[in-house]
2 protein chains.
Amino acid sequence: MNPARPPGTTAPTGSTGRRKARWSTVEEIKDYIREHGLRPGDPLPTENELCEELGVSRSSVREAMRTLSSLDIVEVRHGHGSFVGGLSMSPLVSGLVFRGSLNRDGTFRTLREVVQVRIALDMAVAEELVSTYRGTTNEDLRELVGRMRRRSEAGETFVEEDGEFHRALLSQLDNTVVRQLVGAFWEVHTSVVPMLGIATSAEIATTVEAHGEMIDALEAGDVPAYHEAVLRHYAPLQHAIEQGLAETEDGTHD
Amino acid sequence: MNPARPPGTTAPTGSTGRRKARWSTVEEIKDYIREHGLRPGDPLPTENELCEELGVSRSSVREAMRTLSSLDIVEVRHGHGSFVGGLSMSPLVSGLVFRGSLNRDGTFRTLREVVQVRIALDMAVAEELVSTYRGTTNEDLRELVGRMRRRSEAGETFVEEDGEFHRALLSQLDNTVVRQLVGAFWEVHTSVVPMLGIATSAEIATTVEAHGEMIDALEAGDVPAYHEAVLRHYAPLQHAIEQGLAETEDGTHD
DNA sequence: TTGAATTTGTTCGTATGTATT
DNA sequence: TAATACATACGAACAAATTCA
């Protein structure tokens, strides 16, 4: 396709050997991690060492590292070094939050869809959670619910406690992908909600108490009751979302 | 360029006016998209124009664009220009496929967890699918099942037909996030499976017929039957995964 | 506390491949 | 085929953050 392009060899111009595309630099760094059996947190060679190892310039290595760090496959710490990343769902969060921030209508739609996904995942883990929590008592979780109730009654938000609750609830879950996915969608949820300026209705008490009902159901080993508690947990928010969507469709906002 | 410091920011440190980190260049490009009301597919300024607009160097813009393109927030077409990306779930796919490729054990575990997520999502959309398909006839979907059956009987794979089937099935789904998520996990699934070299068992016929049963259940408006068909659909693969996991734990492979 | 060494972050200049016209 | 516009790549030099003596 191209006139002078000797197969895979270097230096059409002498000094600079333009051997491979940047895309393949990304793949080569992935291969390096695989072939050296590195695990999350393990240190990577310095950028200069990678340049030698892969035979490309530092700029190319840097762009590849940017790509990999935005996917959480590597983690770069300024002035310190590069490490294998946590392989989390953070890129998913970035993308969805950005989508939600594009316009007011998109914010409501994204949030509605995200909530539906959260419900689906919460429902799906019910059996496994019940098998873990049946017959146990969980003072730490109930204490979190108490903190939520006090904050709610004081007219404050309780995002921190809510996150801690859901994180603790799933901490025993064996499925890493599901656990990270639930966490990611929780994060999208809490990032997008403030964009809407939803008035915290009196209904929010329902959400707080639903957390307690979730614990009750799990300890009692009652899957259907857990399902109902999950639905009640999201009901006030869903109500606010539908109300907001109706208002924007009326042209009340841009 | 150094002396002129246009907008409201102050010089952070003494000597040269290095105003913002690369991270904020990413955010500024996002802001540009938001503030100009751009939608997926719309063209972005050239890299040089963005350099002027944001007051940073080409390299910084390039690295930021790399980050954004790996998140599918922008799409770069070589020799043509940059455009707003499709906001898909492709970063999720990259990360999970990489995790699955790290070692043989991780491959099996990742696949098992991915299948569990697929099941959860398929279950969750049952109601909405039933309300869409109840009372309809779907020759196109049944034709796909027929193609799968013929290929399966000929000892061939039918990845293409399977993807087309699931894509078509969800095409009417109103929830974009769920649809993309299902597609993403299908992609991870089909990318990871070949790494295992699972022998295509005779059980694979069960999967083919389960596709047909899914259509039957949807057209009949029978949610529980759909749930059962979904489970049968995944059963042969789950069996193979558990078998593979048991073998690797025996130390048969590394 | 200071300061040197190490490593990543940013910028400029230049050269070259590639798609469109 | 030639010209243009643009993305891609390289490398040197300097800035900033972190660590450790």
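Please read all numbers here as calculations on a predicted model, not as lab measurements.

Draft legend 1. Region of interest: the overall build of chain A. Per the secondary structure count, chain A includes 11 helices and 2 strands. In chain A, the succession of helices and strands from N to C terminus is α-α-α-β-β-α-α-α-α-α-α-α-α. Sequence separation of at least 24 residues holds for 68% of the intrachain contacts in chain A that already meet a minimum separation of 6. Of the roughly 12,700 Å² of accessible surface on chain A, 50% is carried by carbon and sulfur atoms.

Draft legend 2. Expanded view of empty space enclosed by the protein. On inspection of all chains with the given rule, the structure shows 5 cavities of 30 Å³ or more. The space that makes up the largest cavity amounts to roughly 80 Å³. Lining of the largest cavity is provided by Pro 91, Leu 92, Gly 95, Leu 96 and Arg 99 of chain A together with Leu 71, Leu 87, Ser 88, Met 89, Pro 91 and Leu 92 of chain B. Ranked by residues supplied to the lining of the largest cavity, first place goes to helix H4 (residues 90-101) of chain A with 5 residues. Here the lining of the largest cavity is built from residues that sort into 8 nonpolar, 2 polar and 1 charged. In this structure, the second largest cavity occupies an estimated 60 Å³ of space. Contributing to the lining of the second largest cavity are Leu 71, Leu 87, Ser 88, Met 89 and Pro 91 of chain A together with Pro 91, Leu 92, Gly 95, Leu 96 and Arg 99 of chain B.

Draft legend 3. Structural view of the domain arrangement of chain A. Domain annotation of chain A identifies domain 1 (14-84) and domain 2 (90-253). Here the C-alpha centre of domain 2 of chain A lies 38 Å away from the C-alpha centre of domain 1 of chain A.

Draft legend 4. Spotlight on the relation of the copies chain B and chain A. Screw-axis analysis of chain B against chain A gives a translation of 0.0 Å along the axis, an RMSD of 0.1 Å, and a rotation angle of 180 degrees. Both copies are brought into coincidence by an operation consistent with a two-fold rotation axis. A symmetric contact is evident, with 100% of the interface residues of chain B recurring at the interface of chain A.

Draft legend 5. Seen up close, the pattern of salt bridges. Residue and element names in this part refer to chain A. For the structure on display, the rule yields 35 salt bridges over all chains. Notably, a salt bridge pairs Arg 62 with Glu 47, separated by 3.1 Å at the nearest N-O pair. Here Arg 62 is found in helix H3 (residues 58-70), whereas its partner Glu 47 is found in helix H2 (residues 47-54), with 15 residues between them in sequence. On the accessibility criterion, Glu 47 (13% relative accessible area) is buried. Glu 219 is the partner of Arg 142 in a salt bridge, and the nearest nitrogen-oxygen pair spans 2.8 Å. With Arg 142 in helix H7 (residues 139-153) and Glu 219 in helix H10 (residues 204-220), this residue pair connects regions lying 77 residues apart in the sequence.

Draft legend 6. Region of interest: the pairing of strand E2 (residues 81-84) of chain B. Residues and elements named next belong to chain B. Note that strand E1 (residues 74-77) and E2 share 4 bridges and pair antiparallel. Within E2, the residue paired with Arg 77 across the bridge is Gly 81. Linking E1 back to E2 in an antiparallel pair, the connection comprises 3 residues, with Gly 79 at a positive phi of about 70 degrees.

Draft legend 7. Spotlight on the interface of chain B and chain A. In this assembly, 38 residues from chain B lie in contact with 38 residues from chain A. Taking both partners together, chain B and chain A bury about 3,600 Å²; carbon and sulfur atoms supply 64% of that area. The tally of links between chain B and chain A comes to 4 salt bridges. Residues Arg 62 of chain B and Glu 63 of chain A are paired through a salt bridge, measuring 2.8 Å at the closest nitrogen-oxygen approach. Viewed at the interface, chain A and chain B are joined by 16 residue pairs in polar contact (both at pLDDT 80 or more). Counting residues per element, the ones that place at least two in the side of chain B that touches chain A are helix H1 (22-35), helix H3 (58-70), helix H4 (90-101), helix H5 (104-124) and helix H9 (176-196) of chain B. Among the elements that make up the side of chain B that touches chain A, the one with the highest residue count is H4 of chain B (7 residues).

Draft legend 8. Looking closely at the side chain of His 211 of chain B. All names here are of chain B. Take His 211: it is sitting in helix H10 (residues 204-220). Under the relative-accessibility criterion, His 211 is labelled buried at 0%. Residue contacts for His 211: discarding those within four places in its chain leaves Val 145, Met 148, Asp 162, Phe 165, His 166 and His 233.

Draft legend 9. Representation of H4 of chain A in the model. Taking 1.5 Å of rise per residue, 12 residues should cover 16 Å, and H4 of chain A covers 16 Å from first to last C-alpha, within 8% of that figure. For H4 of chain A, the complete set of buried residues consists of Pro 91, Leu 92, Val 93, Gly 95, Leu 96, Val 97, Phe 98, Arg 99, Gly 100 and Ser 101 of chain A.

Draft legend 10. Molecular detail of the environment of Tyr 234 of chain B. All names here are of chain B. Of note, Tyr 234 is situated in helix H11 (residues 223-249). As for Tyr 234 and Thr 206, which are separated by 28 residues in sequence, their C-alpha atoms are 9.0 Å apart. Apart from the residues lying within four places of it in its own chain, the contact partners of Tyr 234 are Val 115, Arg 118, Ile 119 and Asp 122. At 2.7 Å, the side chain of Tyr 234 forms a polar contact with the side chain of Asp 122.

Draft legend 11. A look at the environment of Ala 124 of chain A. Residue and element names in this part refer to chain A. If you trace the backbone, Ala 124 turns up in helix H5 (residues 104-124). Under the relative-accessibility criterion, Ala 124 is labelled partly exposed at 37%. With 96 residues separating them in the primary sequence, Ala 124 and Glu 28 have C-alpha atoms 37 Å apart.

Procedures and definitions
- Residues numbered from 1 in each chain as written.
- Chains lettered and ligands numbered in written order.
- Predicted model: local features only at pLDDT ≥ 70, side-chain atom pairs only at ≥ 80, totals over all residues.
- Heavy atoms only, no water.
- Helix = DSSP H or I, 4+ residues; strand = E, 2+ residues; numbered from the N terminus.
- Contact = heavy atoms within 4.5 Å.
- Areas by Shrake-Rupley, 256 points an atom, 1.4 Å probe, with all protein chains shown as cover.
- 1 Å grid on protein atoms, 1.4 Å probe; cavity = no way out; pocket = protein on both sides within 12 Å on 5 of 7 lines; lining within 4 Å.
- Points joined across faces, edges and corners; volume = space filled by probe spheres on them.
- Nonpolar A, V, L, I, M, F, W, Y, C, P; charged D, E, K, R; others polar.
- Domains from an automatic or database assignment.
- Least-squares fit on C-alpha atoms with pLDDT ≥ 70 in both.
- Salt bridge = Lys/Arg side-chain N within 4 Å of Asp/Glu carboxyl O.
- Buried < 20%, exposed > 50% of the residue type's maximum accessible area, 1.4 Å probe, protein only.
- Pairing = 2+ DSSP bridges.
- Buried area = accessible area lost by both parts, 1.4 Å probe.
- Polar contact = N/O pair within 3.5 Å; in protein donor to acceptor, adjacent residues only side chain to side chain.
- Expected span 1.5 Å × (residues − 1).

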